[in-house]
Amino acid sequence: MRLERSPPVAKTSETDPVCGMPVRVDHALVVQLGERRAHFCSAYCRDEFLAHPERYMGASTEPGAQRGPAWRHIAYFSMEVAAQNSMPTYSGGLGVLAGDMLKSCADLRLPVVGVSILHREGYFDQTLDDSGRQHEAPAHWQVKDLLQLLTPIIQIQIARRTVQVRAWQYTIVGHDGYDVPLVLLDTDMDGNSPEDRSLVQHLYGGDQAYRMAQEILLGIGGVKMLHALGYTGLRKYHMNEGHASLLALELLDQGASANPPPPDFHVVRDRCIFTTHTPVPAGHDQFDYELVQRVLPRDVPSSLLQMLGGSDRLNMTLLGLNLSRYVNGVARRHGEVTREMFPEYPIHHITNGVHSATWTCDSFKLLFDAWLPGWESDSSMLRHAIAIPAREIWQSHVEAKARLLSLVRERSGITLRADALTIGFARRATAYKRADLVFTDIARLRQIVNQAGPLQLVFAGKAHPSDEDGKKLIQHVLAVARQLADVVPIVYLENYDMNMAKLLVAGADLWLNTPRRPFEASGTSGMKAAHNGVPSLSTLDGWWLEGHIEGVTGWSIGTLREDPSSTEAADQADADSLYRKLEDDVIPMFYWSRERWTEMMRHCIALNASYFNTHRMVQQYASNAYLP
Ligand SMILES: *Cc1c(COP(=O)(O)O)cnc(C)c1O
């Protein structure tokens, strides 16, 4: 994907506006009609055009030109989308995945439209005070500069109030100019109560009622808005996580009013695709039926809701599962775990990826341009990185590392060493990701650094405003940073976002990933690191079970299954394993076998970046989920 377009070049061929075939300019029959010069392949087409110019005047003559909304076949709904860094409308991996997915759809010319919510104040901006406490401030952004206001206004019902909804469009442009629109729903407009206007303020803010109202806006408002915008040819609706599941209820309802009830479950199911990202039941979005009855826009019979969404509470994952023909987890292991949770459902997996051109840093882009021309449109070309000379890979990495170290200096005033093994850890700060696992035994860490070689660590990540455990994690990392300042430099960068992620995944020497198993459905930051030749040291969970080859693409922490006796025992065992890997494998290879290290970097690109990308992922969604 790129934002600027190439300058126009003199064209040697044009497209016949009648038959659509290419014609050589010097052989064409030409008709001048006002401003418009039309080129024809034959007298047949010319005469047809002259007989009915009104049929063809509006038609674009660009090959593969943009077609109107009616030509879009697939709608992709996601509560968060990270379309670009100056739109803070995402909290983490889920939103980045959605943005990368839509970028690949644009590159691959898939007729997709994205749907999300405006989130005027984003997720939040993070600052950390001297005691390491996180503070949150609204993340204001330039809505009017980045988006185009669309004309339709629709109404939805929330808690028996009528709420006006409008939409803005952000246009994602593929690398050869194909557009994928992202429609962002907005209730912050005249005629709505302050309460309803505030529904588009915060991503994942507010209480359960606020969350439910946002999901009504996304699922029900989204379907209605697409209809009002003229997306009449939609064949598939893809729900990215349970936040979007109410769209299936809306489709059911529309079907039911067309042909009298009972609703046609099969028709809705044929149109719906559900992707789950949550490997534990506690993570599934659920609402009390008392709340649902209060907030949901119409009198959905509670027996119907309970049949689809579960008897105790409305479970949005269950609702998605019950109304989708194709259901998938986001990595092979996550597919297995999801089938264990819902054994009676046919659940597939499509392993996540990242958008290669977005997550490859400048120095590696230049290298790939030189050695693997065409890699941006065909990520599988990256497999040929195996032929790139090791010293060029190392040189590109040295440049990426220098950029990270200057960011660290700017933000923290700390000067890290360019020659010291630098470990990166950045993601949402939440308990299961265990940002502080590496600090389980400080004395041991000191000893490793003294005996094996120097280490320095760079952390970043936001905790959800109501996640006290996540906030404590940040405080703990900062407390250890002070304690170890003389032996292991440790930096926690504030306000993690996509730009910072890009510098971190490329500039670190090693990417650390320590989720408790099986909590990490996929994880994608390690895939970003692989695009920049950075190996992972990771517990065997999520995508790493597919990407890990010991000593070739990185290293594992712990065993395949977690020690089941207790969480503490599992943490202890993993910490042990982490220390052993650092001491015996990682640090010695980094300092004493630079050749083997760069060989490993090359494998990360050739084996992992060539596969764990959204071009491959989107093609799997197309063939497995969208086309059938
Ligand atoms: C990629 C990314 C994530 C996801 O990281 P994981 O390690 O997969 O959890 C989160 N936040 C930002 C800003 C990212 O770019």
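It should be emphasised that the depicted structure is a prediction, and the values quoted were computed from it without experimental measurement.

What to know about the site of the ligand
Neighbouring residues of the ligand: 15 residues in total, closest Arg 427, Lys 433, Thr 524, Ser 525 and Lys 528. In the environment of the ligand, an oxygen atom lies 2.6 Å from a nitrogen or oxygen atom belonging to the backbone of Thr 524. Burial of the ligand by the surrounding chains reaches 96%, relative to a free accessible area of 390 Å². When contributions to the shell around the ligand are tallied by element, the ones reaching two or more residues are helix 3 (93-107), helix 18 (498-507) and helix 19 (525-531). When its residues are assigned to classes, the shell around the ligand shows six nonpolar, five polar and four charged. Two domains each donate at least three residues to the shell around the ligand, and these are domain 1 (63-122 + 138-353) and domain 2 (359-612).

Things to note about the UniProt feature "modified residue: N6-(pyridoxal phosphate)lysine" (unreviewed entry) in the protein
Residues annotated by UniProt as "modified residue: N6-(pyridoxal phosphate)lysine" (unreviewed entry) correspond here to Lys 528. Given the relative accessible area of 6%, Lys 528 is considered buried. Residues within four places of Lys 528 in sequence aside, it is in contact with Val 96, Val 354, Trp 359 and Val 505.

Brief notes about a nonpolar patch on the surface
Side chains of Leu 33, Leu 50 and Met 57 sit close together on the surface and give an oily, nonpolar patch of about 230 Å² of accessible area. Position of Leu 50 among the secondary structure elements: in helix 1 (residues 43-51).

Let's talk about the domain arrangement of the protein
For the protein, the assigned domains are domain 1 (63-122 + 138-353) and domain 2 (359-612). When each unit is reduced to the centre of its C-alpha atoms, the spacing between domain 1 and domain 2 is 32 Å. Contacts between domain 1 and domain 2 engage 26 residues on the former and 23 residues on the latter. Around 1,900 Å² of area is buried between domain 1 and domain 2 when both sides are counted, 60% of it from carbon and sulfur atoms. It is Asn 85, Arg 333 and Thr 351 in domain 1 that bury the most area against domain 2; as a group they hold 27% of the surface buried on that side. Counting across the domain 1 and domain 2 interface gives zero salt bridges. Between domain 1 and domain 2 we count eight residue pairs in polar contact (both at pLDDT 80 or more) in total. Going through the elements one at a time, helix 3 and helix 12 (332-341) are the ones with two or more residues in the side of domain 1 that touches domain 2. Among the elements that line the side of domain 1 that touches domain 2, the one with the most residues is helix 12, at five residues. In the side of domain 1 that touches domain 2, the residues fall into ten nonpolar, ten polar and six charged.

With respect to the environment of Met 225
Locating Met 225 in the fold gives a position in helix 6 (residues 208-228). Once residues lying within four places of it in the same chain are set aside, the contact partners of Met 225 are Pro 152, Ile 154, Val 165, Arg 166, Ala 167, Val 183 and Leu 185.

So, the sheet that holds strand 21 (residues 490-493)
Spatial strand order, 21-20-19-22-23-24: six strands in an open sheet with parallel pairing. Among the strands making up the open sheet, the edge pair consists of strand 21 and strand 24 (554-557). Averaged over all adjacent pairs, the angle separating strand axes in this sheet is 20 degrees, with direction ignored. Direction of pairing for strand 22 (residues 510-513) relative to strand 23 (residues 536-539): parallel, over a ladder of three bridges. The residue bridging Leu 512 from the neighbouring strand is Leu 537, located in strand 23. Those strands touched by helix 21 (residues 567-592) are strand 19 (421-426), strand 20 (455-460), strand 22, strand 23 and strand 24, and its axis lies near 165 degrees from that of strand 24.

Side note on the pairing of strand 3 (residues 29-33)
Note: strand 3 against strand 4 (residues 36-40), five bridges, orientation antiparallel. Bridge pairing links Leu 33 to Arg 36 in strand 4. Counting the residues between successive antiparallel strands, the hairpin from strand 3 to strand 4 contains two residues, one of them, Gly 34, with a positive phi of roughly 60 degrees.

Brief notes about unusual backbone geometry
Pro 518 follows Arg 517 through a cis peptide bond whose omega is -5 degrees. Here Pro 518 is to be found in the loop between strand 22 and helix 19. Here the phi dihedral of His 119 falls at roughly 45 degrees; this positive angle occurs in a residue that is not glycine. For His 119, the location among the structural elements is in the loop between strand 6 (112-117) and strand 7 (125-128).

Some points on helix 21
When the terminal C-alpha atoms of helix 21 are compared, their 36 Å separation across 26 residues agrees well with the 38 Å that a helix rising 1.5 Å per residue should span. The largest bend along helix 21 reaches roughly 45 degrees and is located at Leu 582.

Considering the pattern of salt bridges
By the definition in use, this model includes 31 salt bridges. The partner of Arg 325 in a salt bridge is Asp 270, and the shortest N-O contact between them spans 2.7 Å. In this pair, Arg 325 sits in the loop between helix 11 (316-322) and strand 17 (326-329) while Asp 270 sits in helix 8 (residues 265-271), placing the two residues 55 residues apart along the sequence. According to the relative accessible area criterion, Asp 270 is partly exposed, its value standing at 38%.

Rules behind the numbers
Residues numbered from 1 in each chain as written. Predicted model: local features only at pLDDT ≥ 70, side-chain atom pairs only at ≥ 80, totals over all residues. Heavy atoms only, no water. Near = heavy atom within 4 Å. Polar contact = N/O pair within 3.5 Å; in protein donor to acceptor, adjacent residues only side chain to side chain. Areas by Shrake-Rupley, 256 points an atom, 1.4 Å probe, with all protein chains shown as cover. Helix = DSSP H or I, 4+ residues; strand = E, 2+ residues; numbered from the N terminus. Nonpolar A, V, L, I, M, F, W, Y, C, P; charged D, E, K, R; others polar. Domains from an automatic or database assignment. UniProt positions renumbered as here; feature names shortened; annotations may be inferred. Buried < 20%, exposed > 50% of the residue type's maximum accessible area, 1.4 Å probe, protein only. Contact = heavy atoms within 4.5 Å. Patch = residues over 30% accessible without salt bridge, like charges linked within 9 Å, V, L, I, M, F, W, Y side chains within 5 Å. Salt bridge = Lys/Arg side-chain N within 4 Å of Asp/Glu carboxyl O. Buried area = accessible area lost by both parts, 1.4 Å probe. Pairing = 2+ DSSP bridges. Axes fitted to C-alpha atoms, helices over the stretch in contact; angles between N-to-C directions. Expected span 1.5 Å × (residues − 1). Bend = angle between axes of the 7 residues up to and from the residue.

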